[in-house]
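# Examining the three-dimensional arrangement
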Amino acid sequence: DAGVIQSPRHEVTEMGQEVTLRCKPISGHDYLFWYRQTMMRGLELLIYFNNNVPIDDSGMPEDRFSAKMPNASFSTLKIQPSEPRDSAVYFCASGLGLAGAEWDFGPGTRLTVT
Amino acid sequence: QKEVEQDPGPLSVPEGAIVSLNCTYSNSAFQYFMWYRQYSRKGPELLMYTYSSGNKEDGRFTAQVDKSSKYISLFIRDSQPSDSATYLCAISTGNQFYFGTGTSLTVIP
């Protein structure tokens, strides 16, 4: 298995532009999570899905952020419009259950908004 | 108050030392306790998982949970340069879950 796949690995964009991050979870995993990591705030849960359905999006910082999971093998996180404070590493993780014992993280997308 | 607190370090030890990494948490409802290891510019990877109180050992790594004190620890014996990474604790009720901010560890050859 190739593990959780994220693209792009790096994204540099200008403030105000739309950014779309992509994730392919591990086949068979029924949970998908989007996390954001910064030095100041650590790892923050943004949203998670169960069987493609958004369950908890309370971590999404603003309406500028949206996430979709149209099928079991694909999810997107969109930021529109992007701002410099959105600069962070965004991780996608997939797993079985919520206890955390079966989660696999992707390599992350490093986003820089100038 | 944060749900889980973790000393950010950084921690620097000589090769072969015993390393102790710790987290405290605030809510006794947490039942699942995890340690993730994150190498530079990589995603976190699950290292140890324990349920409820007690110890769990896996090679050079031992995870310890003290629910009465709301305190979890990760011990690394005979530390190696390859153990240099950031270690994040994570706690979960099964429906809610939180990560610590991570402790940066460097093992010096």
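Rules of the game
Residues numbered from 1 in each chain as written. Chains lettered and ligands numbered in written order. Predicted model: local features only at pLDDT ≥ 70, side-chain atom pairs only at ≥ 80, totals over all residues. Heavy atoms only, no water. Helix = DSSP H or I, 4+ residues; strand = E, 2+ residues; numbered from the N terminus. Rg over C-alpha atoms; globule rule 2.2 N^0.38 Å. Buried < 20%, exposed > 50% of the residue type's maximum accessible area, 1.4 Å probe, protein only. Areas by Shrake-Rupley, 256 points an atom, 1.4 Å probe, with all protein chains shown as cover. Lys, Arg positive; Asp, Glu negative; His and termini not counted. Charge placed at Lys NZ, Arg CZ, Asp CG, Glu CD. Salt bridge = Lys/Arg side-chain N within 4 Å of Asp/Glu carboxyl O. Contact = heavy atoms within 4.5 Å. Buried area = accessible area lost by both parts, 1.4 Å probe. Polar contact = N/O pair within 3.5 Å; in protein donor to acceptor, adjacent residues only side chain to side chain. Nonpolar A, V, L, I, M, F, W, Y, C, P; charged D, E, K, R; others polar. Pairing = 2+ DSSP bridges. Axes fitted to C-alpha atoms, helices over the stretch in contact; angles between N-to-C directions.

Next up on the list: the overall build of chain B. For chain B, the helix and strand inventory stands at zero helices and 11 strands. The C-alpha radius of gyration of chain B comes to 13 Å, within 12% of the 13 Å expected for a compact globule of 109 residues. C-alpha extents for chain B along the principal axes are approximately 40 × 25 × 20 Å. Taking all 109 residues of chain B together, the buried fraction comes to 40%. When the accessible surface of chain B is split by element, carbon and sulfur atoms take 47% of a total near 5300 Å². In chain B, 9 positive and 10 negative side-chain charges are present, and the distance between their average locations comes to 5 Å.

Let us look at the pattern of salt bridges. Per the stated rule, a full pass over the model turns up 11 salt bridges over all chains. The residue B:R37 makes a salt bridge to B:E45 at a minimum N-O spacing of 3.1 Å. Judged by its relative accessible area of 33%, B:E45 falls in the partly exposed class. In the salt-bridge network here, residues are joined through shared partners; they are A:E62, A:R64, A:E83, A:R85 and A:D86.

Once that is clear, we can look at the interface of chain B and chain A. Contacts between the two partners involve 16 residues from chain B, matched on the other side by 18 residues from chain A. Buried surface at the junction of chain B and chain A, both sides included, amounts to about 1500 Å², of which 61% is carbon and sulfur. Together, B:R41, B:F97 and B:F99 form the three largest contributors to the area buried by chain B at its contact with chain A, with a combined 39%. Linking chain B with chain A are zero salt bridges, by the criterion used here. Seen at the junction of chain B and chain A, the total is one residue pair in polar contact (both at pLDDT 80 or more). Per element, the largest residue contribution to the side of chain B that touches chain A is four residues, and it comes from strand 4 (residues 32–38) of chain B. Class assignment of the residues belonging to the side of chain B that touches chain A gives a composition of nine nonpolar, five polar and two charged.

Let us now look at unusual backbone geometry. Here A:S7 and A:P8 are connected by a cis peptide whose omega angle stands at -10°. Note that A:P8 resides in the loop between strand 1 (5–7) and strand 2 (10–13). With an omega of -5°, the peptide bond between A:Q80 and A:P81 qualifies as cis. By secondary structure assignment, the location of A:P81 is in the loop between strand 8 (74–79) and strand 9 (88–95). Here the phi dihedral of B:R41 falls at roughly 60°; this positive angle occurs in a residue that is not glycine. Even without glycine at this site, B:K70 takes up a positive phi of about 55°. Turning to its location among the elements, B:K70 is positioned in the loop between strand 7 (61–66) and strand 8 (71–76). The partly exposed category is assigned to B:K70, whose relative accessible area is 25%.

Turning our attention to the side chain of B:R37. All names here are of chain B. As for its position among the elements, R37 is in strand 4. One polar contact links R37 to Y39, side chain to side chain, over a distance of 3.5 Å. In this view, R37 contacts G43, P44, E45, L47, F61, A85, T86 and Y87; residues no more than four positions away in its chain are not counted.

Turning our attention to the sheet that holds strand 7 (residues 65–71) of chain A. All names here are of chain A. As summarised here, the arrangement of the four strands in space is 1-3-8-7, forming an open sheet in which the pairing is antiparallel. Each of the sheet's edge strands pairs with one partner strand only, and the pair in question is strand 1 and strand 7. Neighbour to neighbour, the strand axes of the sheet diverge by 15° on average, direction disregarded. Sheet topology places strand 1 next to strand 3 (residues 19–24); three bridges connect them, and they run antiparallel. Note that in strand 3 the partner of I5 across the bridge is K24.

All names here are of chain A. Relative to the helices and strands, C23 is located in strand 3. Under the relative-accessibility criterion, C23 is labelled buried at 1%. For C23 and T76, which are 53 residues apart along the polypeptide, the C-alpha to C-alpha distance reads 6.2 Å. Setting aside chain neighbours within four positions, we find C23 in contact with V4, I5, L32, W34, S73, F74, S75 and C92.

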